[in-house]
Each structure stands twice: as C-alpha cells, then as structure tokens.
Amino acid sequence: MGKRIKCELCPTECELENYEVGGCRVRINRDGELFSLVYGNPCSVAVDPIEKKPFYHVLPATDAFSVATVGCVLSCKFCQNYQISQGSPEKSDNKDLQPDELVRKALAYNCKSVAYTYTEPAVFYEYMYDVSQIAKNYGILNTMHSCGYINEKPLRELCKYLDAACIDLKAFTEDFYAKLCGGRLKPVLDALVVLKEEGVWTEIVNLVIPTHNDDPKQIDAMSRWIVKNMGEDTPIHFSRFFPYYKLKNLPPTPFETLRTAWETARNAGLNYVYIGNMRTNAENTFCPVCKKIIIQRVGYTVKEVNIIDGKCKFCDAEIAGIWET
Amino acid sequence: MNRRAFLKFMAIGTFISSLSRKLMIRRTTKKAMFWKKVK
C-alpha cells in the first residue's frame, strides 16, 4: 500500500505498482520511488557526422558524439533500430559512461555537439539532462533526435540546455499513431510548439511509408501546420522507407512518392525541404532567395558550404539555422 | 541431453537471469525525475 506511483515523463503516464517497469522498459518503481535503469549505461556510442541525425542546418560538416540507451516510449512497427529501442536494459550490452566522462570523450574526438539519438532520448531523460549541463559548460551543443512524445514540463526543463531537436513527425493522423506506433499525434504537435516557443532549433523528419502516410493531402495538411505553427524556415526531411521489422510486406518508397511529397511541402510554403535515404538533388540546401546551392551534400558528406556568418554567400540572404557555436 | 538434465539446465539459467535482473535493479541508484505518488 502507498507504493503506487505515476510516471509523468511522457504522455503515456504509466501507473506502476511496486517493482513494476514502465512501458519504456527502463523506469522502475522501487519501493515507492521511480528509478532510471539506464543512467550512465548507454548501449550505443559513436561519432557520427551531424548530417546523419539528420541536422542540415546545424554546424554542417562537424561530428556529433552520439549516444543512446535501450528503451522507447513508442512501439513503431517500422522502427529501424528496434533491436535497441524495443530492448530492455538487462538484455542489452551496455557500457559504463558517466556524464563527465562522456563530455570528456566528446571533447577528445573534437565533436562540436552531443546527439541523443538512435532510440528515444526521453527514456534516458536524467542522463541526457546531466550530460547537457556539463556539455553546455564546455561549449558543446546539445541536440536530440526524438519522436517528440514527451510531456510539456520535462520538455521545457530540458530546453534550458537543448540547442537543437530533430523530431520525427511520423504522420499527420491520430489513426496512424494509434495503429502503427502505439501513441498519439496531439502530444507530438504540442511538443513541437513548445520547442518553437523555447527557441530550440527544430528540424522535422517524416518517414514516408507507402500506403500508410504517403497521401499528398495528408502531407499538404502537415506542411501547412508546420508553416503556421513552426514557421516557413523549419526544415523538413522526407525519408525513404525500407521494409523492416514488422512492415516487411511493403516495398521501399518509390522516388515519385518522395518527389510528390517534396513538391507538396514546397507548395505549402516551406523553404527547406529535403529527401533523405536516397541520393537526389534534394539533399542539397538551396538559398530561398537566389535559389543557388548553399550547402552541397552527397549522403552524409558535405562537399561545399556557401554560408558566411549565417548568410548566403551569393545574395546575402539570412539562412535559418545554427552555423557557429 | 535427456529431458531431466535439460529441465535442470533451463531452471538454472532462469534462476541466474532473474538474479542478474534483481541485482541490476538493486544497483540502480539514480532517482528519476517527473513522477508522483498515487493514492
């Protein structure tokens, strides 16, 4: 009696009996107090180009010290990292990497940013929060790639230290989130608005899955919502889907579908629209004023940057993003 | 391996796995943020 608690980190808000673990598999009620099972124990640590996150408007051609623990608040049937996101801490191969040591390694590898990524960073909130504070003191940017399924209060607290966020807006219907992700759309949209209000640089990723979220009308509605609530300078990445995990029955996204999504978002008023997971001209950044290529990319490699002091080298137009620390 | 030996082997495996989980939970010292008690 009296040991039942409610986790208020994500909108799922699990109520846990004593020794019960939350839906994320990494937070446990131990004798009436909530504990993190993954603090300081990441399962994945790597130095990645920041373009891999993908951040296209944050310190191009720099490395991000990338870290993740097991666990996730959602259960997407198309997850590309399900081995770790749907795993549990006792079944994964974890490292011991305390926050100060993590920042020391990031500095040693000359990383300009720390990226909380691969799985859902909200599940290792306390770890991310502590690392963020130390990283900030050393002039390292804090970035996260998240599904945005987090409550307002913890998100606002994190925003004190967070510089940039890449949010997976998986679709623009509640039905998709309920059937394929085990979550809801509304909290994700709320989180995007909070990030905007808190001044965190935000890029959006939309994995285009054939027959599930590739309807141009849905993409148009999503793009117009982004223009209205986040601004026309918010980059959006339409990523190509490959059959994986529980959606192996579907084909990879055809190029024409991605091209239609690209055109729809541009017509809705978004200035920076990209196609990911595929080599096309749409992986470059074009100046919205003079239309010239200002960042040329081939995959994760940056070939050319024509931005000086946050402005287009050719026409002096301001380019939204974080261009220096 | 006969059936009896196999069951014994599985029981020992399960016991060790549950023990390692219990140890991991006990070892955890980092209190989480954002939660409340429910009556």
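Residue and element names in this part refer to chain A. Judged by nonpolar contacts, the single largest core of 87 residues is most densely connected at Phe78, Val114, Leu169, Ile226, Ile236 and Phe238. If we skip the residues at most four places from it in the chain, phenylalanine 78 touches Lys170, Phe176, Leu180, Cys181, Leu207, Ile209, Phe241, Tyr244, Tyr245 and Leu247. Of all hydrophobic cores here, the second largest spans 25 residues; its members include Ala64, Tyr274, Ile307 and Ile319.

One way to say it: the disulfide is the covalent bond shared by the sulfur atoms of two cysteines. All names here are of chain A. If you walk through the whole model with that rule in mind, you get zero disulfides over all chains. Not engaged in a disulfide, the cysteine cysteine 24 finds its nearest cysteine sulfur in cysteine 7; these two sulfurs lie 6.4 Å apart. Not part of a disulfide, cysteine 290 finds its nearest cysteine sulfur in cysteine 287, a span of 3.7 Å. Classification of cysteine 290 as partly exposed rests on a relative accessible area of 26%.

Strand order in the open sheet formed by three strands is β2(A)-β1(A)-β1(B), with antiparallel pairing between adjacent strands. Only two strands of the sheet have a single neighbouring strand rather than two, namely β2 (15-16) of chain A together with β1 (35-37) of chain B. Two elements, strand β1 (residues 5-7) of chain A and β1(B), share three bridges in a ladder whose sense is antiparallel. Looking at β1(B), one finds that Lys6(A) is bridged to Lys36(B).

Its location among the elements puts Arg21(B) in helix α1 (residues 3-27). Those residues within four positions of Arg21(B) in sequence are excluded, and the remaining contacts are Val21(A) and Glu90(A).

Attention now moves to the interface of chain A and chain B. Between chain A and chain B, the residue contacts involve 30 residues of the former and 15 residues of the latter. When chain A packs against chain B, the two sides together hide about 2300 Å² of surface, and 61% of this comes from carbon and sulfur. Its largest share of buried area at the contact with chain B, chain A owes to Glu8(A), Arg30(A) and Glu90(A), together 21% of the area lost on that side. Counting across the chain A and chain B interface gives three salt bridges.

About the cut-offs
- Residues numbered from 1 in each chain as written.
- Chains lettered and ligands numbered in written order.
- Predicted model: local features only at pLDDT ≥ 70, side-chain atom pairs only at ≥ 80, totals over all residues.
- Heavy atoms only, no water.
- Core = buried A, V, L, I, M, F, W, Y, C linked by side-chain atoms within 4.5 Å.
- Buried < 20%, exposed > 50% of the residue type's maximum accessible area, 1.4 Å probe, protein only.
- Contact = heavy atoms within 4.5 Å.
- Disulfide = S-S within 2.5 Å.
- Pairing = 2+ DSSP bridges.
- Helix = DSSP H or I, 4+ residues; strand = E, 2+ residues; numbered from the N terminus.
- Buried area = accessible area lost by both parts, 1.4 Å probe.
- Salt bridge = Lys/Arg side-chain N within 4 Å of Asp/Glu carboxyl O.

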